[in-house]
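# Close look at the chain arrangement
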Amino acid sequence: MNFERNSSQPITLQKPPESIPGFSMMKRKAEKQQAAAPVSAFAARKARMQQTQTVIVTEKAAHAESTTEPPSKRPRRSLEETQPQPRQDAQKQVAKRGTVKAPKVTQTTVRNGTRTVRTRKIEDVVADGSGNQSLSEESEEDVLEENAAVMAAPETEDGYESPVDTPALAMEFPLSKTRLNKSNIVYSDEHTLCVRIREKMSMVIIGHYDLWVKRGVVSLMGAKLHPSPRVYRVYAPSTHSLPVIKCVSGVDGAAEVEFRSCHSGIYRLRDLSHLYQRIWNGANTPADKLSLKHVEQSTTRTFSVLHTSADDPLKRHLRPLHLEKQWSAAIKTLSQRAGRLQVLVCGPKSSGKSTFSRYLLNHLLSPAPQTESNYYNTDGVAFLDLDPGQPEFSPMGQVYLAHLRSPVFGPPFTHPSLNNNRDGAIIRAHHIGATSPKEDPDHYVLAATNLMEHYRALLATYPQCPLIINYPGWIFGLGLEVATYLVRSLGLSDVVYMSDKGPMEVVEPLRQAAGTARTPLTILPSQPTEFVSRSSAQLRAMQMQSYFHMSQPKELNQPVWLEKPVFKTRPFHVRYKGPNQGIHGIMVLGSQIGPDLLADSLEGSVLGVVAVESPNALPTPPDNQPSTEEKELTGRNEDVDIEMTSNPDDSTQPISTSTSPIPTLTSQTTPTKENLPYLLPPPGTGTSTPLHPSSSTSLGLALIHSINPTNNTIALSTPIPPSRLRQSLEQGHALVLVRGMVDNPNWAVSEGYVSAKAAERRARRALKSGSAGDGDDEGREDRAGQEAALARAKERVRRAKNAPFLTVVEDHGRRRQDEVERERRGGLWKLRKKAVVEEESEVGY
């Protein structure tokens, strides 16, 4: 993935442009080219720089195309665009089919109604965007702490994800068709809102909430929800297009839906990472104020109703999540296959594969009454996720088979794992150790084939369970060969390709493979999101952070998130040597690490926890039976336990020495100077052979705190349930830690500092809010306590700066203030898919 930095900012000159030699001739030439065909300002500036090596401010900005963002309605102009203009220019402001042209870019800056002209140096120039300056209480100061300065980008070559270089237009974009009023609000309080939605009308809500359909039928992200006692948890952050709640049919022409605030704790992650800030609802919107008229003014819910994007107090780039008509028709056709459905969804990256798969999944899991159709899903849906870079129900670096029983409403970082047996569970997973399968295609194909075998075994229990396979955007070169092999060998019922623009060198091999397998191929138009507020790498970091902070209490049906930094939590201590050994081997994928450097490379890294089920999973299968000494060693591991288990009285199952991989694994490991059981690659290869998927399975990920060679223990944090680890050990499996090539956990390193800064902000707010009541003795005591709390918070920030692998760079100068201003007004990322590839190395994640 390539990131393009700001390279096309409008800049001012130290002398008037008329004094530049050749200016008149260049001006006439530029006007002649513009009359012939419209060109972007970026291209014009680039041509002029090549001729005169002098940058000149252009007269017109690039055309901002918004036709790819549904619905194709004419956006309203923002307040800052309502400057007096000639009538002809005003008519040209809005183009056909929702295309909006940017107003003329000048050297003036408008602030608080005052028009000023300023000449600045190149490094001080910032493209001013439009937007409201008012922010909520937490976002005003949180923006100052953001570490990702993103801007807008001109439409250049296709295929990369980059920050944008031109300011995004602040437009009033319609979101909901239903405007709240006294007639459609059934009841409301500080926690609940019940509304009537008329047929064919819709609502858009930002935040997280519980949804209960009381009357009528509503659609949400592909699922049709009927009246029932079931309450659905919905997550609608600003990082993704907002889900639309639409009334399909109602009683007396309307459906009655109740929205209720929920406190899962996911919003607390904003105190641990800048990426989680400003993604939920902020201050109350006009619709919220109407429904909270009879309660205190400061009351807020965990959700907010939005009629247009202008209602958002944080002035973010919000768009509704609408579905293409061809997508809807394809989902309806595929769902008619019922339990016989086995579909592979593939296509270029950023083409909408995950969105389409999620819509199809929810549609198949809709709890519709049996009278509505001939098919009623009681066996759930199997979801085979082959995308290790952006998985749906798992952290990155894994492929897995999941069995879902309930629709899901939210982006992947709101469900990074499945530990709730009521909603779904992971049947089997394999650790790839990378965000792209091109690192080891052979192991990737073996893992996919093994997961497909487990799906066929699942059909013995759930014969009417359909299958959805999500293939990654690795669709060119070797990735195309893997895709065609899967199409020919998996026995699918359908193949869906998510791009009607080809390229033909991809579509034709898929068509031939589908024809050989007698499988229909459906080609759908891509529906990418034009602008997003987080890049793919940032979304992966959010999902990993959510994975390590999520917990699933047994007494609750929904997960909760803990706000304590992961390195501040009490780790689990697992022995890697001795009679109660819990870790039996350590493997490194990719570039090998010397035994003397192994311990240093493991501390602070994320590793996969893989259970080895039989010796056949090891790179070198045993030729002979285990010796007597090995059998005795295996017998000692019958009572194997790790210190994370809290119930040592659990009985263990007898272990078969003929199938236990522990003796063979012990014979193949080489102890390091810390006695770590290092599983070295075969001599002369230099690369470790991954564990065979047929005899191994991934249990999850673990973050290594430290290694103590004195007592031979590893301190680690992992969301894997201790019962699952204990069960695997009781079955005679060997646990191996696999270090792959996933992204470094930078989010974990910075959690302590971000948390300390959040505590300091809270202390400052408490001191500021209590400054008015310090006239009496009690007020002075309270103020003294608040000042002491602020001093402790400052000391905590000072200590957090000294964390290992952390460097805090504070820049309060003019450039940083300009960057913060630009971020506040809507720093966005622009996603574009690549249709034609020259080299395979250009395709990635």
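This structure is a prediction, so every number in the text was calculated from the model and none was measured. (Residues numbered from 1 in each chain as written. Predicted model: local features only at pLDDT ≥ 70, side-chain atom pairs only at ≥ 80, totals over all residues. Heavy atoms only, no water.)

## Structural notes on helix 11 (residues 536–549)
It helps to recall that an α-helix has 3.6 residues per turn; residues three or four apart then point in one direction. Our working rule: In this text, helices come from DSSP runs of H or I with a minimum length of four residues, and strands from runs of E with a minimum of two, each type numbered from the N-terminal end. A helix's residues, less one, multiplied by 1.5 Å, set its expected span. The cut-offs for exposure are 20% and 50% of the maximum accessible area for each residue type, with area from a 1.4 Å probe on protein chains only; residues under the lower value are buried, those over the upper are exposed, and the others partly exposed.
Taking 1.5 Å of rise per residue, the 14 residues of helix 11 would be expected to cover 20 Å, and the 20 Å separating its terminal C-alpha atoms lies within 8% of that figure. With 11 of 14 residues buried, helix 11 lies mostly within the body of the structure. If you check which residues of helix 11 are buried, you get Ser536, Gln538, Arg540, Met542, Gln543, Met544, Gln545, Ser546, Tyr547, Phe548 and His549.

## Re the pattern of salt bridges
As a reminder, the rule being used: Each salt bridge in this description consists of a side-chain nitrogen of Lys or Arg and a carboxyl oxygen of Asp or Glu lying within 4 Å of one another.
Counted according to the given criterion, the structure contains 18 salt bridges. One salt bridge in this structure joins Asp423 and Arg230, with 3.3 Å as the shortest N-O distance. Separated by 193 residues along the polypeptide, Asp423 in the loop between strand 18 (398–404) and strand 19 (424–431) and Arg230 in the loop between strand 10 (223–225) and strand 11 (232–236) bring together distant segments of the chain. The exposure class of Arg230 is partly exposed, given its relative accessible area of 26%. Bridged by salt links that share partners, the residues Lys214, Arg215 and Glu256 form one connected network.

## Here we look at the packing of helix 9 (residues 478–489) against helix 10 (residues 504–516)
Selection rule: Working convention: axes come from line fits to C-alpha atoms, limited for helices to the stretch in contact. Angles between N-to-C directions cover 0 to 180 degrees. Angle categories: roughly parallel below 35 degrees, roughly antiparallel above 145, roughly perpendicular from 65 to 115, and oblique for all the rest. Less than a right angle of anticlockwise turn of the near helix away from the far helix marks a crossing as left-handed, whereas a clockwise turn marks it as right-handed. The contact criterion used throughout is that any non-hydrogen atoms of two residues lie within 4.5 Å. All residues other than Ala, Val, Leu, Ile, Met, Phe, Trp, Tyr, Cys, Pro, Asp, Glu, Lys and Arg, Gly among them, are scored as polar; the first ten of these are nonpolar and the last four charged.
Look at helix 9 against helix 10: their axes get within 8 Å of each other, and the N-to-C directions meet at 20°. Here helix 10 runs roughly parallel to helix 9, going by the angle between their axes. Read as a crossing pair, helix 9 and helix 10 show a hand that is right-handed. On helix 10, the residues touching Leu480, Ala483, Thr484, Val487 and Arg488 of helix 9 are Glu505, Val506, Pro509, Leu510, Ala513, Ala514 and Thr516. Each residue belonging to the contact of helix 9 with helix 10 can be placed in one class, and the counts come to 8 nonpolar, 2 polar and 2 charged.

## Regarding unusual backbone geometry
Not every positive phi belongs to a glycine, and Lys315 is a case in point at roughly 55°. With respect to the helices, strands and loops of the structure, Lys315 is situated in the loop between strand 14 (303–306) and strand 15 (320–321). Residue Ser350 is not a glycine yet carries a positive backbone phi of 60°. Note on placement: Ser350 falls in the loop between strand 16 (342–346) and helix 7 (353–364). Overall, Ser350 belongs to the partly exposed group, its relative accessible area being 28%.

## Here we look at the nonpolar core
Rules: Put simply, a nonpolar core is a bunch of buried Ala, Val, Leu, Ile, Met, Phe, Trp, Tyr and Cys residues held in one set by side-chain atoms that sit within 4.5 Å of each other. The split of the chain into domains comes from an automatic or database domain assignment.
Counting 54 residues, the largest nonpolar core has Leu211, Leu225, Ile245, Phe259, Phe356 and Leu360 as the members making the most contacts within it. The two domains that each donate at least three residues to this core are domain 1 (182–311) and domain 2 (325–544). Once you skip the residues sitting within four places of it in the chain, Leu360 turns out to touch Ile331, Leu334, Leu341, Val343 and Ile468. One finds Val399, Val482, Val487 and Val507 within the second-largest nonpolar core, a separate group that totals 37 residues.

## Let's talk about the pairing of strand 11
Filter applied, for reference: Strand pairing is assigned whenever DSSP detects at least two bridges linking the two strands.
For strand 11, the buried fraction is high: 5 of the 5 residues fall into the buried class. Burial of strand 11 is two-sided: the residues Tyr232, Val234 and Ala236 facing one way and the residues Arg233 and Tyr235 facing the other way are all buried. Bridging between strand 8 (residues 202–215) and strand 11 involves 5 bridges; their strand directions are antiparallel. The residue of strand 11 that forms the bridge with Gly207 is Ala236.

What is shown is where atoms sit, not what they do.
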